[in-house]
Amino acid sequence: MKKVLIAVDGKKNSKEILSLFQNLIWAPENIILLHVEQLEGNSMMTAMLGEAEMSTLKESLKGTAHKAKLDQNANNILNYYKSELENSGLKNIRTVIREGHHSDEILKAAEEENVDLIVLNCSGKTRLQRLVTGCASREVEKNAKMPVLITKGDGCGEHAQNWAGRESYAIR
Amino acid sequence: MKKILIAVDETSGSKAVLSVFNNLVRPPEEVLLLHVIRLEGKSLMIDMLSEAELSTLKESLKGTEYKETLEKKAETVLGYFKKELESSGLISVRTIIREGIPGDEILKVAEEENVDLIIVGDNGKRGLVRLITGCVSKDVEKNATVPVLVGKSDASAKKYDVKEAAAAV
């Protein structure tokens, strides 16, 4: 396998990804670590914005403390994953930060980079949360042209119901 | 110990699991090949049945010609995929036939057999068809406790087809 896109967020999931490449999936030649900055909180607000509005939003956030914090957060996350993956012997890791709507940006990046596989974590959202905030893993799974692997980090699957209390953003 | 569950049906989207399996996945020790027989056609009807009703349905279908056709189809499907997998050098392929709701049965088997990965195809359902007939990959993705790999075929990239939607109704 040549190229894999791994979409990461603040939740700790590196163990699962590592065991994936060690046990189940061939280790890829190139890894792209992607983090999408969500400019608009957790609502689906961004999904409703048009291209023009989105770019206005991006513009207006430039240079603000909020954006600086998002950037720093993104760098922390990507550095964490990069070092974890590198420590276990995976090579050619590139990090990418994008901003905007989660699933859209993942799909766009995957298409631009022409990857062979997308790896992302299950959002672990309950039904209601999914309804309100949308679900990137589902959107990506539905619309991607390449295979999608959905990992199950802490609090996913059947245990999703208990997830809300454990919303642990480990890396901040 | 690596065990992989591959769920297949007769749609062309299922063939995507083969390419995914050959290209991406490390050779596992055992492959479980699962086909779920849908007793109730393609509608969502079956999702609304309770356990008791479903078992009555199973009971009443036993021995009928309809059931025999379904079983024959299941064996053809599994036979095809088994041959394909074995031709790529894999020895330990076990086939399983289940009856009921595909999403549920896939999850149940995954749990019972304690698999490490589930591979499903993407049937390319979009929009209305997806809404009416449900989508196995979505159900599995949502509720599984192990990683889920969704294969993609060329068919899944095709545009949403109104005619197909009408046919499904």
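Chemist: Whenever I open this one, the overall build of chain B confuses me. Can you help?
Modeler: From N to C terminus, chain B includes 7 helices and 5 strands. For chain B, the sequential pattern of α-helices and β-strands runs β-α-β-α-α-β-α-β-α-α-β-α. Here chain B, with 169 residues, has 37% of them falling under the buried criterion. Here the contacts in chain B between residues at least 6 apart in sequence split such that 82% fall between residues at least 24 apart.

Chemist: Just to check I follow, could you spell out the interface of chain B and chain A for this structure?
Modeler: By a widely used convention, the size of an interface equals the accessible area lost when the partners come together. Taken together, the contact between chain B and chain A spans 22 residues of the former and 21 residues of the latter. Counting residues per element, the ones that place at least two in the side of chain B that touches chain A are helix H1 (16-24), helix H6 (136-143) and strand S5 (148-150) of chain B. Top element by residues in the side of chain B that touches chain A is H6 of chain B. It accounts for 4 residues. Grouping the constituent residues of the side of chain B that touches chain A by class yields 11 nonpolar, 5 polar and 6 charged. Bridge analysis of strand S5 (residues 148-151) of chain A against S5 of chain B gives 3 bridges, and the strand direction is antiparallel. Its bridge partner lying in S5 of chain B, Ile150 of chain A is registered against Val148 of chain B.

Chemist: Looking at this model, I keep getting lost on the pairing of strand S1 (residues 3-7) of chain B. Mind explaining?
Modeler: Each regular strand displays side chains that alternate between the two surfaces of the sheet. All names here are of chain B. S1 sits mainly inside the fold: 4 of its 5 residues count as buried. Across 5 bridges, S1 lies against strand S2 (residues 30-37) in parallel orientation. Paired with Lys3 across the strands is Glu30, a residue of S2. Remark: the S1/H1/S2 crossover connection has right-handed handedness. Direction of pairing for S1 relative to strand S4 (residues 117-120): parallel, over a ladder of 4 bridges. Residue Leu5 lies in a different strand from S4, and its bridge partner there is Ile118.

Chemist: It is not clear to me how the sheet that holds strand S1 (residues 3-7) of chain A should be interpreted in this structure. Could you clarify?
Modeler: The strands that make up a sheet are held in pairs by hydrogen bonds between backbone atoms, and each pair lies either parallel or antiparallel. With mixed pairing, 10 strands are arranged side by side in an open sheet as S3(A)-S2(A)-S1(A)-S4(A)-S5(A)-S5(B)-S4(B)-S1(B)-S2(B)-S3(B). Since the sheet does not close on itself, it has two edges, and those belong to strand S3 (93-99) of chain A together with strand S3 (93-99) of chain B, each with one partner. Pairs of neighbouring strands in the sheet enclose a mean axial angle of 20°, with direction left out of account. Note that S2 of chain B and S3 of chain B share 7 bridges and pair parallel. Its bridge partner being in S3 of chain B, Val36 of chain B is matched across the sheet by Arg98 of chain B.

Chemist: I'm lost on the pairing of strand S2 (residues 30-37) of chain A in this one. Help?
Modeler: Residue and element names in this part refer to chain A. Most of S2 is tucked away: 6 of the 8 residues are buried. With 7 bridges connecting them, S2 and S3 associate as parallel partners. Bridge pairing in S3 places His35 opposite Ile97.

Chemist: How should I be thinking about the packing of helix H4 (residues 102-113) of chain B against H6 of chain B in this particular structure?
Modeler: A packed helix pair is summarised by two numbers, namely the angle formed by the two axes and the spacing between the axes. Residues and elements named next belong to chain B. At a minimum axis separation of 8 Å, H4 and H6 run at an interaxial angle of 40°. What the angle tells us is that H4 and H6 run oblique. In this structure, the crossing between H4 and H6 has a hand that is right-handed. Contact residues: H4 offers Pro102, Gly103, Ile106 and Leu107, while H6 offers Val136, Asp139, Val140 and Asn143.

Chemist: Sorry if this is basic, but what is going on with the environment of Leu107 of chain A here?
Modeler: All names here are of chain A. Turning to its location among the elements, Leu107 is positioned in helix H5 (residues 102-113). Sequence separation between Leu107 and Lys11 is 96 residues, and the spatial gap between their C-alpha atoms is 20 Å. Among residues more than four places away in sequence, those in contact with Leu107 are Val140, Asn143 and Ala144.

Chemist: Please explain unusual backbone geometry as it appears in this structure.
Modeler: Across the chain, the bulk of peptide bonds are trans and the bulk of non-glycine residues have phi less than zero. The phi torsion at Asn92 of chain A lies on the positive side, around 55°, for a residue other than glycine. Positioned with a positive phi, Asn114 of chain B is a non-glycine residue whose angle comes to about 55°. The residue Asn114 of chain B is located in the loop between H4 and S4 in this model.

Chemist: When you look at the nonpolar core in this model, what are you seeing that I'm missing?
Modeler: Proteins that are soluble and globular tend to have nonpolar side chains buried together. Ile6, Ile106 and Ile118 of chain A together with Ile6, Ile118 and Ile119 of chain B are the most contacted members of the largest nonpolar core, which has 71 residues in total. Those residues within four positions of Ile6 of chain A in sequence are excluded, and the remaining contacts are Ile17, Ile31, Leu33, Leu34 and Val119 of chain A.

Chemist: Got a minute to help me understand the packing of H5 of chain A against helix H7 (residues 136-143) of chain A in this structure?
Modeler: All names here are of chain A. Two elements in contact, H5 and H7, have axes separated by 8 Å at closest approach and are oriented at 40°. Between H5 and H7, the interaxial angle falls into the category oblique. Taken as a pair, H5 and H7 cross one another with a handedness that is right-handed. Contacts from His102, Ser103, Ile106 and Leu107 of H5 reach H7 at Ala136, Glu139, Val140 and Asn143.

Cut-offs and rules
- Residues numbered from 1 in each chain as written.
- Chains lettered and ligands numbered in written order.
- Predicted model: local features only at pLDDT ≥ 70, side-chain atom pairs only at ≥ 80, totals over all residues.
- Helix = DSSP H or I, 4+ residues; strand = E, 2+ residues; numbered from the N terminus.
- Buried ≥ 20, exposed ≤ 12 C-beta atoms within 10 Å, placed from the backbone.
- Contact = placed C-beta atoms within 7 Å.
- Nonpolar A, V, L, I, M, F, W, Y, C, P; charged D, E, K, R; others polar.
- Pairing = 2+ DSSP bridges.
- Right-handed = clockwise from strand over helix to strand, strands pointing away.
- Axes fitted to C-alpha atoms, helices over the stretch in contact; angles between N-to-C directions.
- Parallel < 35°, antiparallel > 145°, perpendicular 65-115°, else oblique.
- Left-handed = near helix turned anticlockwise from the far one by under 90°.
- Core = buried A, V, L, I, M, F, W, Y, C linked by C-beta atoms within 7 Å.

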